[in-house]
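Coordinates in review
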Amino acid sequence: MVFFQINNIFVKNNFNFMKILGMGNALVDVLARIKDDSLLKQLQLPKGSMQLIDEEKRAHIFKEIANLEISMATGGSVSNTCLALAKLGNEAGFIGKVGNDTYGNFYLKEIKEAGVVAHLSIEDAPSGTAMTLISPDGERTFGTYLGVSAQLNKDDLDASIFKNYDYLYLEGYLVQNYELVEEALKLAKSLKIKIATDLSSYNVVEDNREFLLKMIQQYVDIVFANEEEARALTGKNSEEAIVEIAKMVDIAIVKIGERGSLIAQGEKTIKVPALKVKMLDATAAGDFFTAGFFYGLSQKVSLEKCAQIGTLLAANVIQTVGTKLPDNNWIQIKSDIKAIIL
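Residues numbered from 1 in each chain as written. Predicted model: local features only at pLDDT ≥ 70, side-chain atom pairs only at ≥ 80, totals over all residues. Heavy atoms only, no water.

Points about the overall build of the protein chain
The secondary structure content of the protein chain amounts to 13 helices and 16 strands. On C-alpha atoms alone, the protein chain measures out to a radius of gyration of 19 Å, which is about the 20 Å that the 2.2 N^0.38 rule sets for 342 residues. On the principal axes, the C-alpha backbone points of the protein chain span a range of 55 × 45 × 40 Å. Each of the 342 residues in the protein chain was classed as buried or not, and the buried ones make up 56%. Restricting the contact set of the protein chain to residue pairs at least 6 apart, pairs at least 24 apart contribute 74%. Here the protein chain displays about 14900 Å² of accessible surface, and carbon together with sulfur accounts for 48% of that area. Distance between charge centres in the protein chain, computed from 36 positive and 43 negative side chains, equals 5 Å. (Helix = DSSP H or I, 4+ residues; strand = E, 2+ residues; numbered from the N terminus. Rg over C-alpha atoms; globule rule 2.2 N^0.38 Å. Buried < 20%, exposed > 50% of the residue type's maximum accessible area, 1.4 Å probe, protein only. Contact = heavy atoms within 4.5 Å. Areas by Shrake-Rupley, 256 points an atom, 1.4 Å probe, with all protein chains shown as cover. Lys, Arg positive; Asp, Glu negative; His and termini not counted. Charge placed at Lys NZ, Arg CZ, Asp CG, Glu CD.)

Some details on the packing of aromatic side chains
Two aromatic rings are characterised by how far apart their centres lie and by the angle between their planes. Per the stated rule, a full pass over the model turns up 9 aromatic pairs. Relative to Phe294, the ring of Tyr167 lies with its centre 5.6 Å away and its plane at 55 degrees, an arrangement referred to as tilted. Placement of Tyr167 in strand β11 (residues 167-171) and of Phe294 in helix α11 (residues 285-298) is noted, with a sequence separation of 127 residues between them. Just as Tyr167 is buried, Phe294 falls in that class too. Members of the aromatic cluster, joined through ring pairs, are Tyr167, Tyr169, Phe224, Phe289, Phe293 and Phe294. (Phe/Tyr/Trp six-rings, centres within 6.5 Å; stacked < 30°, edge-to-face > 60°.)

Quick word on helix α8 (residues 209-219)
Every α-helix carries 3.6 residues per turn, so stepping three or four residues along brings you back to the same face. Within the sequence span of α8, burial applies to Phe211, Leu212, Leu213, Met215, Ile216 and Tyr219. At its buried positions, α8 is contacted by α6 (178-190), β12 (194-198), α7 (202-207), β13 (222-226) and α9 (227-234).

Comments concerning the packing of helix α3 (residues 77-88) against helix α13 (residues 327-341)
Between α3 and α13, the shortest axis-to-axis distance is 10 Å and the interhelical angle comes to 70 degrees. In this view, α3 runs roughly perpendicular relative to α13, as classed from their interaxial angle. Counted together, Ala84, Lys87 and Leu88 of α3 and Asp327, Trp330, Ile333, Lys334 and Ile337 of α13 form the full contact between these two elements. Split into classes, the residues belonging to the contact of α3 with α13 amount to 5 nonpolar, no polar and 3 charged. (Axes fitted to C-alpha atoms, helices over the stretch in contact; angles between N-to-C directions. Parallel < 35°, antiparallel > 145°, perpendicular 65-115°, else oblique. Nonpolar A, V, L, I, M, F, W, Y, C, P; charged D, E, K, R; others polar.)

Here we look at the packing of helix α12 (residues 303-317) against α13
Orientation of α12 relative to α13, taken along the N-to-C sense of each, is 160 degrees, at an axis distance of 10 Å. In terms of their interaxial angle, α12 and α13 are classed as roughly antiparallel. Crossing geometry of α12 relative to α13 is assigned as right-handed. Counting all contacts with α12, which are made through Lys305, Gln308, Ile309, Leu312, Leu313 and Asn316, the residues of α13 involved are Asn329, Trp330, Ile333, Asp336, Ile337, Ile340 and Ile341. Broken down by class, the residue content of the contact of α12 with α13 amounts to 8 nonpolar, 3 polar and 2 charged. (Left-handed = near helix turned anticlockwise from the far one by under 90°.)

Next up, the structure:
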């Protein structure tokens, strides 16, 4: 087997796409567009955040949005990335846990139809749901009831699942389960699998900063973050934070919203602008960016082009409500990606 070195990253050339194994919370997004942000204050959900909620609060949110138009979509940050990768033709697997209920059945059906290899545990318990409230400006706020997805544990992991994958991609939300994360990291490293993570939410970073810093420095090759998460991790603004994170890992990415993204490797940092589109719903923008970035790595293109492909995917998903794009959109996306690569 031949190896190519691209931007100091060694990629297997087996004439297939790079294989990504994701691990995260298997959730179903329950999406509702709200008229204004007063409901967020009423529900005590900080705009743009992800707040963990219990079953009682989930029922309360359901009651408050009962008169709004509601839709469902597969959710969970890493899950969204895996689905987008599968749509692009990459082999993607996902480790998670769902319940034997309506939401769990919906989730399993959707990811299988998308072409994701499902490494799912199924139990007789409520599936996780993310109450996704979409503000008029497209910003989304999550009240997340983890349900059985939070019961994923180290005993659900087996080395046989990890074999034949090139990257393990971990969701930052999982770091609240230290034993699970450490077991996954050790398994991946024992098999010489590279590791990437997304920091997921600034409040998660604030609550687990010490563990995250140790994890990143010891195990992680690629870090994805937005500017709030990068600030929570380093205490610095985006331009300074990207430099600090790049000292810990091979590749650091900080997404800076409508200004685009920063990508650093070693002492070099580049900026890739965002595409100017009308945003309907910011849900999964970062997740789709990551999928595009991974796709670029699999095609052995420059980090700048990786970010451009990520930007393209993010721009497409924010123009729809939820995370499911029509097949025609994917046909156009693939055509646009070819133009970037050539």
